[in-house]
Amino acid sequence: MLQIKVNDEFNFEVDNKGNGLFINGENVAADIKQSSTTAWHIINNLQSYNVEVISFNSSGKTAEIKVNNTVYSVTAKDQYDILLDKLGLSNLNAAKVSEIKAPMPGMVLKVFVTEGMEIKKGDNLFVLEAMKMENIIKSPGDVIVKTVKIKPGDKVEKGQILMMF
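Structural notes, computed from the coordinates. The structure displayed is predicted, hence computed values, not measured ones.

With respect to the overall build of the chain
Piece 1. Regarding its fold elements, the chain presents one helix and 18 strands.
Piece 2. The C-alpha extent of the chain, read off along each of the three principal axes, is 65 × 40 × 25 Å.
Piece 3. Residues classed as buried in the chain amount to 20% of the 165 residues present.
Piece 4. For the chain, contacts bridging at least 24 residues in sequence account for 39% of all contacts bridging at least 6.
Piece 5. Accessible surface, the chain as shown: approximately 11600 Å² in total, 53% of it carbon and sulfur.
Piece 6. Positive and negative side-chain charges in the chain, numbering 19 and 20 respectively, have mean positions lying 6 Å apart.

Focus: the environment of Glu115
Piece 1. Locating Glu115 in the fold gives a position in the loop between β11 (106–111) and β12 (118–119).
Piece 2. Sequence spacing of Glu115 and Ser59 is 56 residues, and the spatial spacing of their C-alpha atoms is 32 Å.
Piece 3. With sequence-adjacent residues up to four places away left out, Glu115 is seen in contact with Val145, Lys146, Thr147 and Val148.

Considerations on the pattern of salt bridges
Piece 1. Throughout the structure, instances matching the rule amount to six salt bridges.
Piece 2. Across the pair Lys33 and Asp31 runs a salt bridge whose closest N-O atoms are separated by 3.9 Å.
Piece 3. A salt bridge links Lys101 to Glu99, with the nearest nitrogen and oxygen atoms 3.7 Å apart.
Piece 4. Look at the salt bridges and you will find they share partners, linking Lys61, Asp78 and Asp81 into a network.

What counts and what doesn't
- Residues numbered from 1 in each chain as written.
- Predicted model: local features only at pLDDT ≥ 70, side-chain atom pairs only at ≥ 80, totals over all residues.
- Heavy atoms only, no water.
- Helix = DSSP H or I, 4+ residues; strand = E, 2+ residues; numbered from the N terminus.
- Buried < 20%, exposed > 50% of the residue type's maximum accessible area, 1.4 Å probe, protein only.
- Contact = heavy atoms within 4.5 Å.
- Areas by Shrake-Rupley, 256 points an atom, 1.4 Å probe, with all protein chains shown as cover.
- Lys, Arg positive; Asp, Glu negative; His and termini not counted.
- Charge placed at Lys NZ, Arg CZ, Asp CG, Glu CD.
- Salt bridge = Lys/Arg side-chain N within 4 Å of Asp/Glu carboxyl O.

As structure tokens, this is what we get:
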């Protein structure tokens, strides 16, 4: 059994039992034909769907899927993920980030965040110029900025603490 979430909005329970495919408890009798390694043609209830997997992350159990030229973001949880959620253990593997250190010596060109801001993983934090190259430093996790110890024009050394979360 899988719990599928589409666009962080729609939830489905999918079960591929020995006697068929069930979505939210209903038996789905669709005609599914694979047309390439990443594409399928599906006919269900007299409607035709062209489905293509655009990207797939097996470790994160996420995918981007295009259905009839509309792209959907999909996440899945199997029975083990569901059990870990119920036990409150699902976030144990998440990295706990408490600070950002300068990865190299350089000069701060721009700071995109302020104290108290809520930042998501991958959001830009600041631009660090090193060896005549501009490096955008991104957040390694979902955090709230507690302290910003830099401003544009500051020179920093490798390993220097620049932000605290």
